[in-house]
Amino acid sequence: MPRYARAERDALADLLLALGPDAPTINEGWATRDLAAHLVLRERRPDAAGGIVLPPLRGYAERVRLRLAARPYPDLVAQVRNPPFWSPVSNRVTDELANMMEFFIHHEDVRRAGSGWQPRDLPVGLQSALWKRASPMARLALRRFPADLYVKAPGHGELSVGRGGEPLRVVGAPAELVLFLSGRQRVARVQLDGPPEAVRRLRAANLGM
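Residues numbered from 1 in each chain as written. Predicted model: local features only at pLDDT ≥ 70, side-chain atom pairs only at ≥ 80, totals over all residues. Heavy atoms only, no water.

(A) Looking closely at the packing of aromatic side chains. Tallied over the entire structure, the rule returns zero aromatic pairs. Looking at R189, its charged tip hangs above the ring of W117, at a distance of 4.6 Å from the centre. Positioned above the aromatic ring of F145, the side-chain terminus of R201 is 5.9 Å from the ring centre. (Phe/Tyr/Trp six-rings, centres within 6.5 Å; stacked < 30°, edge-to-face > 60°. Lys NZ or Arg CZ within 6 Å of the ring centre and 35° of its normal.)

Printed below as a string of structure tokens:
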């Protein structure tokens, strides 16, 4: 069975080390050190990880993340590369399910913050795995968007979603759709076809978590 989560984790760790702690990322306000600390918190601090998605816990989670970010950077990246076996999201049973998309997205967060980047030539198997995640993401993120949306990944599938209205098509490779639907519209290479105002609203919509 392919281990895409492991491959993306290793590639991200290599890139974090190569760029150093102060390189930009797509995540607003975060340098590479901040992103590394986020990943360490998610895997090693279950007491604080809930703050990633639960507003009442965000203050505590951010204080923990800042303390993690103050650690020596090579040690922080080593913890990103080597998750603990006991982590709820990174053990042998959960790793691929919980981390394939997480590490793909954050790898691209670092890659696409630099200049001269191009989309990677990804394995067909990884694109297929990303499409399986993109489908439910689209249904969740776009369910209330005021248009009749058609989301298509050529060679993988398509779906319709939205509240209805004028038709709007979103077309791209699964990897690009995952980035678009996770709130990274400005760096996702997708094609939007529809009324200009609807296209503008979708590009500016808050689609991330």
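Now that the structure has been shown, we can carry on.
(B) Focus on helix α1 (residues 4–19). The terminal C-alpha atoms of α1, which comprises 16 residues, lie 22 Å apart, in line with the 22 Å expected from a rise of 1.5 Å per residue. Residues of α1 that are buried include every one of Y4, A5, E8, R9, L12, A13 and L16, and no others. All buried residues of α1 project into a common sector of 160° when viewed along the axis, lining one side. Contact partners of the buried residues in α1: α2 (32–44), α5 (73–81), α6 (95–111) and α7 (124–141). Positioned one or two residues after α1, G20 has a phi angle of 90°, which is positive. (Helix = DSSP H or I, 4+ residues; strand = E, 2+ residues; numbered from the N terminus. Expected span 1.5 Å × (residues − 1). Buried < 20%, exposed > 50% of the residue type's maximum accessible area, 1.4 Å probe, protein only. Arc of directions from axis to C-beta. Contact = heavy atoms within 4.5 Å.)

(C) Region of the structure containing helix α9 (residues 196–204). For α9, the set of buried residues is A198, V199 and L202. One side of α9 holds all its buried residues, which, seen down the axis, span an arc of 100°. Facing away from the buried side of α9 by over 90 degrees, the exposed positions are P196 and A204. Structurally, α9 contributes buried residues whose contacts are with β1 (148–153), β3 (167–171), α8 (174–181) and β4 (191–193).

(D) Representation of the pairing of β1. Covered by surrounding structure in β1 are L149, V151 and A153 only, the residues D148, Y150 and K152 on the alternate face being uncovered. Pairing of β1 with β3, which is carried by five bridges, proceeds in the parallel orientation. Residue L149 lies in a different strand from β3, and its bridge partner there is L168. Pairing geometry for β1 and strand β2 (residues 157–161), over five bridges, is antiparallel. Across the sheet, V151 pairs through a bridge with L159, a residue of β2. Here β1 folds back onto β2 in antiparallel fashion, the turn holding three residues, of which G155 has a positive phi close to 85°. (Pairing = 2+ DSSP bridges.)

(E) Main features of a nonpolar patch on the surface. Together, V53, L54 and L57 line one region of the surface with nonpolar side chains, adding up to about 230 Å² of accessible area. Mapped onto the elements, L57 comes out in the loop between α3 (46–49) and α4 (58–69). On the accessibility criterion, L57 (35% relative accessible area) is partly exposed. (Patch = residues over 30% accessible without salt bridge, like charges linked within 9 Å, V, L, I, M, F, W, Y side chains within 5 Å. Areas by Shrake-Rupley, 256 points an atom, 1.4 Å probe, with all protein chains shown as cover. Salt bridge = Lys/Arg side-chain N within 4 Å of Asp/Glu carboxyl O.)

(F) Layout of a positive patch on the surface. Taken together, R143, R144, R163 and R201 make up a surface patch of like positive charges. With respect to the helices and strands, R163 occurs in the loop between β2 and β3. (Lys, Arg positive; Asp, Glu negative; His and termini not counted. Charge placed at Lys NZ, Arg CZ, Asp CG, Glu CD.)

(G) Focus on the pattern of salt bridges. Counted by the stated rule, this structure contains 16 salt bridges. Between R65 and D34 there is a salt bridge, with the nearest N and O atoms lying 3.1 Å from each other. With R65 in helix α4 and D34 in helix α2, the pair connects residues that are 31 residues apart, well separated along the chain. Given a relative accessible area of 5%, R65 falls into the buried group. When the shortest N-O distance is used, the salt bridge between R111 and E108 registers 2.8 Å. Of this pair, R111 and E108 both sit in helix α6, three residues apart, which is roughly one turn of the helix. On the basis of relative accessibility, which here comes to 2%, the residue E108 falls in the buried class. In the salt-bridge network here, residues are joined through shared partners; they are E8, E108, R111, R112, R120 and E176.

(H) View of the nonpolar core. In this structure, L130, L142, L149 and L202 are the most contacted members of the largest nonpolar core, which totals 37 residues. When contributions to this core are tallied by element, the ones reaching two or more residues are α1, α6, α7, β1, β2, β3, α8 and α9. Apart from the residues within four sequence positions on either side, L149 is in contact with L142, L159, S160, V161, G162, L168, V170 and L202. Core analysis: the second largest hydrophobic core is formed by 21 residues, L35, A48, A49 and V80 among them. (Core = buried A, V, L, I, M, F, W, Y, C linked by side-chain atoms within 4.5 Å.)

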